[in-house]
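Results of the structural survey
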Amino acid sequence: MRKISNILLNCWFPRICSSCNRSLTVKEEGVCFYCQQYLHKTNHFHRKNNVLFLQLAYRMNLHSVQSLYFFQPKSIEQRAIHELKYKKNMQVGNFFGREMGRRIAATPWLQDVNGLIPIPIHKNKERERGYNQAQVLCEGISEETQIPVLKLLSKQTAGKGATKGNRMERMNSRKIDFQMEGSIPSNVQHLLIVDDVITTGATLESAFTEIRKQFNGKISVVSIAHTF
Ligand SMILES: [Zn+2]
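Just so you know, the residues in each chain are numbered from 1, in the order the chain's sequence is written. With the structure being a predicted model, the display of local features is reserved for residues of pLDDT at least 70 and the display and counting of side-chain atom pairs for 80 or more, all residues being used for whole-chain, interface and lining totals.

**A closer look at the pairing of strand S6 (residues 218–226)**
Condition: In this scheme every C-beta is placed from the backbone, and a residue whose C-beta has 20 or more other C-beta atoms within 10 Å is buried, one with 12 or fewer is exposed, and one in between is partly exposed. Secondary structure elements are defined from DSSP: runs of H or I of at least 4 residues count as helices, runs of E of at least 2 residues count as strands, and each element is numbered from the N terminus. Here, strands pair whenever DSSP counts at least two bridges between them. We call a crossover right-handed when, viewed with the strands running away from us, the connection from the first strand over the helix to the second turns clockwise.
Of all 9 residues in S6, 8 are buried; the element is thus mostly enclosed. Two elements, strand S1 (residues 64–70) and S6, share 6 bridges in a ladder whose sense is parallel. Residue pairing across strands places tyrosine 69 opposite alanine 225, the latter belonging to S6. Note that strand S5 (residues 190–198) and S6 share 8 bridges and pair parallel. For valine 197, the partnering residue across the bridge sits in S6 and is alanine 225. With respect to chirality, the unit in which S5 leads through helix H9 (residues 202–212) into the neighbouring parallel S6 is right-handed.

What follows is the structure, given as structure tokens:
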């Protein structure tokens, strides 16, 4: 049922560029070809020891981390991600997901990935938005690579007492609470966590910790953009 409502949501959305609002041609999706050339691309899919990986690898035992773009304020990627998260624009999510999929298919150290895990949003937010943007990205990756999406992680209600205590206590109480709602299939050897934007890495760390409780294989990460 959700799948059908998502398809309808996608069909009803006007085919315009998420950045410049120009009508898209039949060959364009999400972001027009003109705007695409101004996206701030990273080199992550060419260099395993990229800056983002080096920033996160000392905090968690990741196999690799890749973002498509550097997140710049008031940029094309910022406008496009805003459309995906807040304007019900699933087309642009599919565009980014398929772009991720094509990059993954061409990256030597990601050839054995055989499961995608979308970072979840709280179910109330998902109901309000109509979809989880990371799930849309995963479906785009899957279209290009046929890697299955494993919707196993869920986000719980935020911790209580978030406004009490000193700054450090408040930060700890805000720790994002994820939970696994099923088992990772035994044939899975390399999981790819998929998120929209990596900012502090705290969300990722919480998801990683939860997945690690039942999975000893390789864990990699891909996101649309990162801010540091
Ligand atoms: Zn455009």
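After that view of the structure, there is still more to cover.
**A word on the packing of helix H5 (residues 90–105) against helix H7 (residues 133–145)**
Each pair of packed helices gets described by two things: the angle between the helix axes and the distance between those axes. As a reminder of what qualifies: As a rule, the C-alpha atoms of each element are fitted with a line to give its axis, helices using only the stretch in contact, and angles between N-to-C directions run from 0 to 180 degrees. Any angle from 65 to 115 degrees is called roughly perpendicular, while one under 35 is roughly parallel, one over 145 is roughly antiparallel, and all others are oblique. Here a crossing is taken to be left-handed if its near helix is turned anticlockwise relative to the far helix by less than a right angle, and right-handed if that turn runs clockwise. Two residues qualify as a contact pair if the distance between their C-beta atoms, derived from the backbone, is within 7 Å. In the scheme used here, Gly and all other residues not listed as nonpolar or charged are polar, with Ala, Val, Leu, Ile, Met, Phe, Trp, Tyr, Cys and Pro taken as nonpolar and Asp, Glu, Lys and Arg as charged.
Running from amino to carboxyl end, H5 crosses H7 at an angle of 45 degrees, the nearest separation of the two axes being 7 Å. One way to sum up the angle between H5 and H7 is to call them oblique. Two packed elements cross with a definite hand, and for H5 against H7 that hand is right-handed. Between H5 and H7, the contacting residues are Met90, Gly93, Asn94, Phe96, Gly97, Arg98, Met100, Gly101, Arg102, Ile104 and Ala105 on the first element and Gln133, Val136, Leu137, Cys138, Glu139, Gly140, Ile141, Glu143, Glu144 and Thr145 on the second. Of the residues in the contact of H5 with H7, the class split is 9 nonpolar, 7 polar and 5 charged.

**Details of H9**
Residues spaced three or four apart along an α-helix face the same direction, because each turn holds 3.6 residues. For clarity, the cut-off: Note that the arc is computed from the directions linking the helix axis to the C-beta atoms.
Every buried residue belonging to H9 is among Leu204, Ala207, Phe208 and Ile211, and all of these are buried. Along the long axis of H9, the arc covered by the buried residues comes to 100 degrees, so they all point the same way. In the core, the buried residues of H9 are packed alongside strand S2 (115–118), strand S3 (153–155), strand S4 (178–180), S5 and S6.

**Here's the deal with unusual backbone geometry**
Negative phi is the rule for most residues except glycine; trans is the rule for most peptide bonds. One non-glycine residue with positive phi stands out, namely asparagine 21, at about 70 degrees. Locating asparagine 21 in the fold gives a position in the loop between helix H1 (2–12) and helix H2 (33–36). Using a count of 10 C-beta atoms within 10 Å as the deciding quantity, one classes asparagine 21 as exposed. At lysine 74, a position not held by glycine, the phi torsion is positive, near 55 degrees. The class for lysine 74 is exposed, based on 6 C-beta atoms found within 10 Å.

**A look at the environment of glutamine 135**
Examined against the element boundaries, glutamine 135 turns out to sit in helix H7. C-beta crowding within 10 Å serves as the criterion here: with 23 such atoms nearby, glutamine 135 is assigned to the buried category. On a C-alpha basis, the gap between glutamine 135 and isoleucine 119 in space is 7.7 Å, while along the polypeptide they are 16 residues apart. Those residues in contact with glutamine 135 that lie beyond four places of it in its chain are Pro118 and Lys151.

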